[in-house]
Amino acid sequence: MKPSVFYGKRVNAQPHVRAPPEESEDSCLSDSAGSDEEYVPKPGDEESCSESDRSSSVRSSSSEEEVQDAGSAGSDGECVPEPGDEESNRSSSDEESNLYSTQENPNHALKLDQKELEQFIGTVLYMSVIRLPRSRIYWSNACRVEQVADVMPRDRWEEIKHFIHLNDNTAPNNSDRLFKIRPLIDSLLPKFQALPQDQMLSIDEQMVPFKGRSVLKQYMPKKPYKWGYKIFVLCDTKGLVHSFDVYAGKSDPPPGSQDIGASGNVVLKLAQVIEGSVNHLLYFDNWFSSLDLFVALANRGIPALGTVRQNRLRGCSFSEDKKLKKKGRGTLEEQQAVVDRVEIRAVKWFDNRGVIVASTFASAQPVSFIERWDRKQRRKVSVECPSIITLYNKFMGGVDALDALIAYYRIHIRSKKYYHRFFFHFVDMVVVNGWLLYRRDCDKMNVPRKKQKDLLAFKLSIAQALCMQGKDLSAKKRGRPSSDMEREFKKKQRRGPTKAIPTQDVRADAVGHWPQINSVRQRCKFPTCTGHTSFKCTKCNVHLCLNKNKNCFCAFHE
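Nothing here was measured: the structure is a model prediction, and the numbers come from that model.

Cut-off values and rules
- Residues numbered from 1 in each chain as written.
- Predicted model: local features only at pLDDT ≥ 70, side-chain atom pairs only at ≥ 80, totals over all residues.
- Heavy atoms only, no water.
- Patch = residues over 30% accessible without salt bridge, like charges linked within 9 Å, V, L, I, M, F, W, Y side chains within 5 Å.
- Areas by Shrake-Rupley, 256 points an atom, 1.4 Å probe, with all protein chains shown as cover.
- Salt bridge = Lys/Arg side-chain N within 4 Å of Asp/Glu carboxyl O.
- Lys, Arg positive; Asp, Glu negative; His and termini not counted.
- Charge placed at Lys NZ, Arg CZ, Asp CG, Glu CD.
- Helix = DSSP H or I, 4+ residues; strand = E, 2+ residues; numbered from the N terminus.
- Core = buried A, V, L, I, M, F, W, Y, C linked by side-chain atoms within 4.5 Å.
- Buried < 20%, exposed > 50% of the residue type's maximum accessible area, 1.4 Å probe, protein only.
- Contact = heavy atoms within 4.5 Å.
- Phe/Tyr/Trp six-rings, centres within 6.5 Å; stacked < 30°, edge-to-face > 60°.
- Lys NZ or Arg CZ within 6 Å of the ring centre and 35° of its normal.

Chemist: Would you take a moment to explain a positive patch on the surface for this structure?
Modeler: A surface patch of positive charge is lined by Lys322, Lys323, Lys326 and Lys327. Here Lys326 lies in helix H11 (residues 321-327).

Chemist: Sorry if this is basic, but what is going on with the nonpolar core here?
Modeler: Counting 67 residues, the largest nonpolar core has Phe244 and Phe426 as its most contacted members. When residues in this core are grouped by element, the largest group, 15 residues, is from helix H14 (residues 418-444). Leave out the neighbours within four places in its chain, and Phe244 touches Ile185, Leu188, Leu189, Phe192, Ile231, Phe232, Val233, Leu270 and Phe426. Grouped together as the second largest cluster of nonpolar side chains are 32 residues, Val273, Val339, Val342 and Ile356 included.

Chemist: Help me understand helix H9 (residues 262-270), please; the structure alone is not making it clear to me.
Modeler: Along an α-helix, residues three or four positions apart point the same way, because every turn accommodates 3.6 residues. The buried fraction of H9 amounts to seven of the nine residues, a majority that puts the element mostly inside the structure. For H9, the full list of buried residues reads Ser263, Gly264, Asn265, Val266, Val267, Leu268 and Leu270. In this structure, the buried residues of H9 make contact with strand S1 (200-209), strand S3 (227-236), strand S4 (241-246), strand S5 (281-284) and helix H10 (291-299).

Chemist: Explain the environment of Leu216 here, please?
Modeler: Mapped onto the secondary structure, Leu216 falls in the loop between S1 and strand S2 (217-219). Look past the residues within four positions of Leu216 in its chain and what remains in contact with it is Arg177, Leu178, Gly228, Tyr229, Tyr247, Ala248 and Tyr418.

Chemist: How should I be thinking about the environment of Ser368 in this particular structure?
Modeler: By secondary structure assignment, the location of Ser368 is in strand S10 (residues 368-374). Among the residues examined, Ser368 registers a relative accessible area of 29% and is labelled partly exposed. As a C-alpha pair, Ser368 and Cys385 span 17 residues in sequence and 5.3 Å in three-dimensional space. Contacts of Ser368, omitting those with residues within four sequence positions, involve Val383, Glu384, Cys385 and Thr390.

Chemist: How should I be thinking about the pattern of salt bridges in this particular structure?
Modeler: A side chain with one charge may pair with a side chain of the opposite charge, provided their charged atoms come close. Here the structure, examined in full by the defined rule, presents 17 salt bridges. Put simply, Lys348 and Asp321 hold a salt bridge, and the shortest N to O gap is 3.0 Å. With a gap of 27 residues between them, Lys348 in strand S8 (residues 342-350) and Asp321 in helix H11 connect regions that are remote in the sequence. Assessed through its relative accessible area of 31%, Asp321 is described here as partly exposed. Ionic pairing is found between Arg372 and Asp351, a salt bridge with its closest N-O pair at 2.9 Å. Here the residue Arg372 occupies a position in strand S10, and Asp351 occupies one in the loop between S8 and strand S9 (354-359), the gap between them amounting to 21 residues. Taken together, the shared-partner salt bridges in this structure form one network comprising Glu116, Arg156 and Glu159.

Chemist: Just to check I follow, could you spell out the packing of aromatic side chains for this structure?
Modeler: Where two aromatic rings form a pair, the distance of their centres and the angle of their planes describe that pair. Following the criterion strictly, the structure yields 22 aromatic pairs and no others. Residues Phe232 and Trp287 carry aromatic rings whose centres are separated by 5.6 Å and whose planes lie at 20 degrees to one another, so their mutual orientation is stacked. Here Phe232, found in strand S3, pairs with Trp287, found in the loop between S5 and H10; they are 55 residues apart in sequence, far enough to count as distant. The exposure class assigned to Trp287 is partly exposed, which follows from its relative accessible area of 27%. Counting every residue linked through ring pairs, the aromatic cluster contains Phe192, Phe210, Tyr229, Phe244, Tyr418, Tyr419, Phe422 and Phe426. One Lys or Arg, Lys230, reaches over the ring of Tyr247 and ends 5.1 Å from the middle of that ring. Over the ring of Trp287 we find Lys230, and its NZ or CZ is 5.1 Å from the ring centre.

Written as structure tokens, this is what we have:
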């Protein structure tokens, strides 16, 4: 065996450049994408780190507190994976990242585990809330953010970001443009599709902001972010995602369905998760609509409604906008047709301009009145509005609501790799979905809105819970006691040796505190109690009285 093969090449030897796979998309982006400089680990990087960076990246578990695991906030049994599924999905990312690191440099192992990956995602969520222009500033002495810098060192964070991977580059991809993120998509779709669905559902496009070079990049001038990756999303009126499909070219029809065009095939593919004949109503815009689509959905028991372009209505013509404008705002025309034994109604309504809406369940009646501003009269006037227009305006904005929620605290980690942008976008999508499920469960349990977490508090609780993975929860904090119980505990410590108790935030986080009967009876650790008990908190690891006369267990966790 050659020594160079066994021990690796020397440092002063010529670097070996590994050719990327034929269908790899790693090189699809240019330096003009406005990305941070990619961190490539080299031997001696840790030694070259400055003293200020080292001191700012030291782990500190004593200053961190555990919060409720917000990922389980929507705990109504709605989207619970099978035992072992979640662990296998999480482990795939760290395994593929470790494999990718070995492929890049056999002499340097990443050694990424599940807990460290969750900590990395937690820091990324913190960065989406605490926005700074560059990622390295979070560890700098001038603008150090302890929620990020205390979790892991800067160089380790950049190393994980550089090597994070979702699929094996050497595996056959069969010309799949989404090969890099295919395991992530296959992992998320079953969980989204298993969520209980509301009656009103909508399908629309979503843009993942991106301006670099990529064969997947699309341009949509009517979207807030005009350049980026396109995702077709099925969601309810509040923005809860039930299914999605990343655009990677012309879409084929689902198995057993007729080809009705690229846009119609997208709707049929996403509508596979909708149960027919259970009163679900589907809404979409004129990019998807066609008579063939309405017929295909009706045959599956899914009533639909959507705006339609005039050239897609075969044998159906309406008056021009000029004629309707002369009749005034609120003018409408309605036509009815039967296509393949499916009744379809189409209505053209003129407001500022004409719009055509078709449906298999709605019509123009009943007509309501809405207020519009009249420039000539300089006042608001009442305008007739058909029922089919009212329904469309009320229930079509689900994807727009999802975009707005994601845009509040979007992850803006820059990268030259396109699959990083998708990965961080799906993290944002999962957080928003979890918050909407949390709000749904709180409403079912009649929890007042004032006591419910908003999206910011919910995202921060997830970030803190992920960053606490692998940390010592019972570590003592320095400083003055923050409660009467801690003052009593300090007095008890002065009288003799005592067992440490968790901090106030850990005791009162209401996560995982369960009483357990222990075989050994010990003195109750509540400061003002002198009794003995066999009940023990599984999380705090302390004995507490729990009987009909004393309930130190509840008092300890208040």
